[in-house]
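Now for the letters of each chain:
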Amino acid sequence: MSGVLPVALDQATKLIGVVTHSSKEYVALAQLHAEVPVEKLEEVVREFTGRIYQRPPVRSSVKRVLRIKEVYEIEVLEREGALVLMRVSCQHGTYIRKLIHDMGEVLGVGAHMRELRRTRTGPFREEDSVRMHELSEAVYLYREHGREDRLRSMILPHEYIVSHLPKVLVLDGAASALTYGADLAVPGISVVSGGIKRGDTVAVMTLKGELVALAKALMSTEEVLANDRGIAFKTVRVVMERGVYPKGWKKKSEAQQ
Amino acid sequence: MEEAIRFAAELDRFAGVRREYLVKREGLTDPGYGKPPRTRTLEELIRCGVVNLDKPPGPTSHEVVSWVKDMLGVSKAGHGGTLEPYRGGDTPRCPESCPWL
C-alpha cells in the first residue's frame, strides 16, 4: 500500500497525532468475485456512504469491536469487468480493505481489495508529496555539496501539520504565558479565524506566525469578538519552547513587591 | 500582524480551506524575539519540520520513518497514520508448505 505518509521530524513528532486523527482519502482497486450490474453497484456504493458499522479486520492494530465510522464519499472512477477503481474519502480509522470486503458481501458476490493508495491525510495531499529517493538525493546534495534549496523545499515548517485547523493569533505576552501552560484569555488575542465553534481544536500562533500551542475553544468566534475578558481557549498541547518570548506577566509574589 | 495573517492564509491554501481573519485587537510583535517560520534555517527546519512523503508499497510505515530518521540524523520522528505494507489479493502469499519463498 503506498501513498501519502507525512513524517514529522524531531520536535514536530508530538504534533503528528493531529494528522493521524484527521480525515483520509484513498484510491482503491476492488476485485469483485463476479460481475454485477452497474445499478446494483451504485446502490451498494450509496449504502456504504455516510455512517457505517465496521468491525476491524483480523490484521489490525485496534480492538476488534464493531465501530461506527463515517464514509464521506465513494466515487467509482472506472469499471472493467469485475474490477472497480474507486476513490473513498472517510473518517480516520476506516479500514478500506474491510469496506470493500463488506461491500462484496452486500453485493452477494464477494470482493477483496487488490490495491490501495492514500491520496490525502488531513492537509497533506498526493500532489505535494515527495518520494523517498527524491528526499535521499536532496539530503545528499545538502550534506555533500552544501546545496540547501532542494531539501528546503521538501521540509515544511511544523505549522503545516496543523494547517487545516482554525487559527488564533496572540500577542507576544500571551505567547509566553501559554508556553507555561496558561489558558488563553480574550485580552491576549489579536486575530481569530471565522467559524470557530465551542469545542473545536485550534492552532494558536504568534503574530510572526509561529505555532505556540494547540487549544480547545471555550468560546466561538462571535463570543471572542463580543467579550473583553474570560478564558476563550483551553491549552491542550504546548509546542513552543519556553523563553522564546519574554514573560509579559508576573507571579503574585513579584507583583506585590 | 499582517505577516502572520498572510502566513496563516498560506497554511489554509495548503490545506485546501478558506478562512476569514477577524481582528480583535491590533497588535505588534517585538522583532527581537522569535522568528517567522519562513526565515528558519534548514537545520532549524530539520529539528521541527515535516516531510510529506510518498510511501512506497513494500516497507512498513515504521521502517520508512526509521530510514528518514537516519537520513536526516534526527533522534525522533513520527508518521501520520499507518499504511499497511503488504499488497492485497493478487500478491502470491506463501502457503505454509513453502515458507522459504
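Colleague: Please clarify how the overall build of chain B should be interpreted in this entry.
Modeller: For chain B, the helix and strand inventory stands at 3 helices and 3 strands. Listing each helix as α and each strand as β along chain B from the N terminus yields α-β-α-β-α-β. When burial is assessed residue by residue, chain B has 42% of its 101 residues classed as buried. A separation of at least 24 residues holds for 38% of the contacts in chain B among residues at least 6 apart in sequence. For chain B, the exposed area adds up to about 5,800 Å²; of that, 54% sits on carbon and sulfur atoms.

Colleague: I keep staring at the domain arrangement of chain A and nothing clicks. Help me out?
Modeller: It is common to give the size of an interface as the accessible area that goes away when the parts come together. Under the domain assignment, chain A is made up of domain 1 (23–126) and domain 2 (159–238). Each of domain 1 of chain A and domain 2 of chain A has a C-alpha centre, and these two points are 37 Å apart.

Colleague: Can you help me understand helix 4 (residues 132–145) of chain A in this one?
Modeller: In an α-helix there are 3.6 residues to a turn, and that puts residues three or four apart on one side. If you check helix 4 of chain A, its first and last C-alpha atoms are 19 Å apart, about what 14 residues at 1.5 Å a residue would give, namely 20 Å. Of the residues making up helix 4 of chain A, those classed as buried are Met132, Leu135, Ala138, Val139, Leu141 and Tyr142 of chain A. Considering only its buried residues, helix 4 of chain A is in contact with strand 8 (130–131) and helix 5 (149–154) of chain A together with helix 2 (42–47), strand 2 (49–55) and helix 3 (61–72) of chain B.

Colleague: Any chance you could explain a nonpolar patch on the surface here in plain terms?
Modeller: Residues and elements named next belong to chain A. A grouping of Tyr53, Leu66 and Ile68 is seen on the molecular surface, where their side chains present a nonpolar patch of about 330 Å² in accessible area. Here isoleucine 68 lies in strand 4 (residues 67–80). For isoleucine 68, a relative accessible area of 40% puts it in the partly exposed group.

Colleague: Could you clarify how one ought to interpret the nonpolar core in this entry?
Modeller: Generally speaking, nonpolar side chains in soluble globular proteins are found buried as a group. Formed by 30 residues in total, the largest nonpolar core has its most connected members in Leu15, Phe124, Tyr160, Ile161, Val162 and Leu211 of chain A. For this core, the elements supplying multiple residues, two or more each, are strand 1 (2–9), helix 1 (17–20), strand 13 (201–206) and strand 14 (211–217) of chain A together with helix 1 (2–15) of chain B. In terms of residue count, helix 1 of chain B provides more of this core than any other element does, 5 residues in total. Apart from residues no more than four positions distant in its own chain, phenylalanine 124 of chain A is found in contact with Val4, Pro6, Val19, Thr119, Leu156, Tyr160 and Ile161 of chain A together with Phe14, Val50 and Asn52 of chain B. Counting residues in each nonpolar core, the second largest holds 27 residues, with Leu32, Val36, Val84 and Leu99 of chain A among its members.

Colleague: Before we go on, may I ask you to explain the interface of chain B and chain A in this structure?
Modeller: Contacts between the two partners involve 74 residues from chain B, matched on the other side by 81 residues from chain A. Summed over both sides, the interface between chain B and chain A buries roughly 7,300 Å², with carbon and sulfur atoms accounting for 60% of that surface. If you sort the residues of chain B by the area they bury against chain A, Phe14, Lys24 and Val50 of chain B come out on top, with a joint share of 11%. Across the contact surface, chain B and chain A share 6 salt bridges. The shortest N-O distance in the salt bridge between lysine 24 of chain B and aspartate 228 of chain A comes to 3.9 Å. Linking chain B to chain A there are 38 residue pairs in polar contact (both at pLDDT 80 or more). For the side of chain B that touches chain A, the secondary structure elements donating two or more residues are helix 1, strand 1 (21–23), helix 2, strand 2, helix 3 and strand 3 (77–79) of chain B. If you tally residues by element for the side of chain B that touches chain A, the top one is helix 1 of chain B, at 11 residues. Residues that form the side of chain B that touches chain A fall into these classes: 36 nonpolar, 17 polar and 21 charged. Pairing between strand 1 of chain A and strand 3 of chain B: 3 bridges, direction antiparallel.

Colleague: Whenever I open this one, helix 2 (residues 38–47) of chain A confuses me. Can you help?
Modeller: Residue and element names in this part refer to chain A. All of the buried residues in helix 2 are Leu41, Val44 and Val45. End-on view of helix 2: buried residues confined to an arc of 105°, all on one side of the axis. Residues of helix 2 that are exposed and point over 90 degrees away from its buried face: Glu39 and Arg46. In the core, the buried residues of helix 2 are packed alongside strand 4, strand 5 (83–90) and helix 3 (96–107).

Colleague: Which parts of the structure should I look at to understand the environment of lysine 35 of chain B?
Modeller: With respect to the helices and strands, lysine 35 of chain B occurs in the loop between strand 1 and helix 2. Sequence spacing of lysine 35 of chain B and proline 57 of chain B is 22 residues, and the spatial spacing of their C-alpha atoms is 38 Å. Non-local contacts of lysine 35 of chain B, meaning those with residues more than four positions away in its chain, are made with Lys208 and Glu210 of chain A together with Arg40, Thr41 and Glu44 of chain B. Of note is the side chain of lysine 35 of chain B, whose polar atom sits 3.1 Å from the side chain of glutamate 44 of chain B.

Colleague: Explain the packing of aromatic side chains to me, please; I cannot follow it from the model alone.
Modeller: Here the distance between the centres and the angle between the planes together describe a pair of aromatic rings. Counted under the stated rule, the structure contains 3 aromatic pairs over all chains. Summarising the aromatic geometry, the rings of phenylalanine 124 of chain A and phenylalanine 14 of chain B are spaced 5.7 Å apart at their centres and angled 75° between planes, so their arrangement reads as edge-to-face. A residue pair is termed interchain when its members come from two chains, as with phenylalanine 124 of chain A in strand 7 (residues 124–125) and phenylalanine 14 of chain B in helix 1. Summarising the burial analysis for this pair, phenylalanine 124 of chain A and phenylalanine 14 of chain B share the class buried. Taking 6.4 Å as the distance between ring centres and 75° as the angle between the ring planes, the aromatic pair formed by tyrosine 160 of chain A and phenylalanine 7 of chain B counts as edge-to-face.

Colleague: Help me understand the pattern of salt bridges in this model?
Modeller: Here the idea is simple: oppositely charged side chains can pair when their charged atoms come close. Scanning the entire structure with this criterion turns up 20 salt bridges over all chains. We note a salt bridge from glutamate 43 of chain B to arginine 143 of chain A, for which the minimum N-O separation is 4.0 Å. With one member in each of two chains, glutamate 43 of chain B in helix 2 and arginine 143 of chain A in helix 4 form a pair that bridges those chains. A single salt-bridge network, built from bridges that share partners, covers Glu25, Glu73, Glu75 and Arg87 of chain A.

Colleague: What am I meant to see in the sheet that holds strand 13 of chain A here?
Modeller: With mixed pairing, the 7 strands of this open sheet are ordered in space as 11(A)-15(A)-14(A)-13(A)-10(A)-12(A)-1(B). With partners counted over all chains shown, the strands left at the sheet margins are strand 11 (184–185) of chain A together with strand 1 of chain B, one partner each. Along the sheet, helix 6 (residues 172–179) of chain A contacts strand 10 (167–170), strand 11, strand 13, strand 14 and strand 15 (231–238) of chain A; its crossing angle with strand 10 of chain A, the most-contacted strand, is approximately 110°. Sheet strands in contact with helix 1 of chain B are strand 10, strand 12 (189–193) and strand 13 of chain A together with strand 1 of chain B, and its direction is about 160° off that of strand 10 of chain A.

Parameters and conventions
- Residues numbered from 1 in each chain as written.
- Chains lettered and ligands numbered in written order.
- Predicted model: local features only at pLDDT ≥ 70, side-chain atom pairs only at ≥ 80, totals over all residues.
- Heavy atoms only, no water.
- Helix = DSSP H or I, 4+ residues; strand = E, 2+ residues; numbered from the N terminus.
- Buried < 20%, exposed > 50% of the residue type's maximum accessible area, 1.4 Å probe, protein only.
- Contact = heavy atoms within 4.5 Å.
- Areas by Shrake-Rupley, 256 points an atom, 1.4 Å probe, with all protein chains shown as cover.
- Domains from an automatic or database assignment.
- Expected span 1.5 Å × (residues − 1).
- Patch = residues over 30% accessible without salt bridge, like charges linked within 9 Å, V, L, I, M, F, W, Y side chains within 5 Å.
- Salt bridge = Lys/Arg side-chain N within 4 Å of Asp/Glu carboxyl O.
- Core = buried A, V, L, I, M, F, W, Y, C linked by side-chain atoms within 4.5 Å.
- Buried area = accessible area lost by both parts, 1.4 Å probe.
- Polar contact = N/O pair within 3.5 Å; in protein donor to acceptor, adjacent residues only side chain to side chain.
- Nonpolar A, V, L, I, M, F, W, Y, C, P; charged D, E, K, R; others polar.
- Pairing = 2+ DSSP bridges.
- Arc of directions from axis to C-beta.
- Phe/Tyr/Trp six-rings, centres within 6.5 Å; stacked < 30°, edge-to-face > 60°.
- Axes fitted to C-alpha atoms, helices over the stretch in contact; angles between N-to-C directions.

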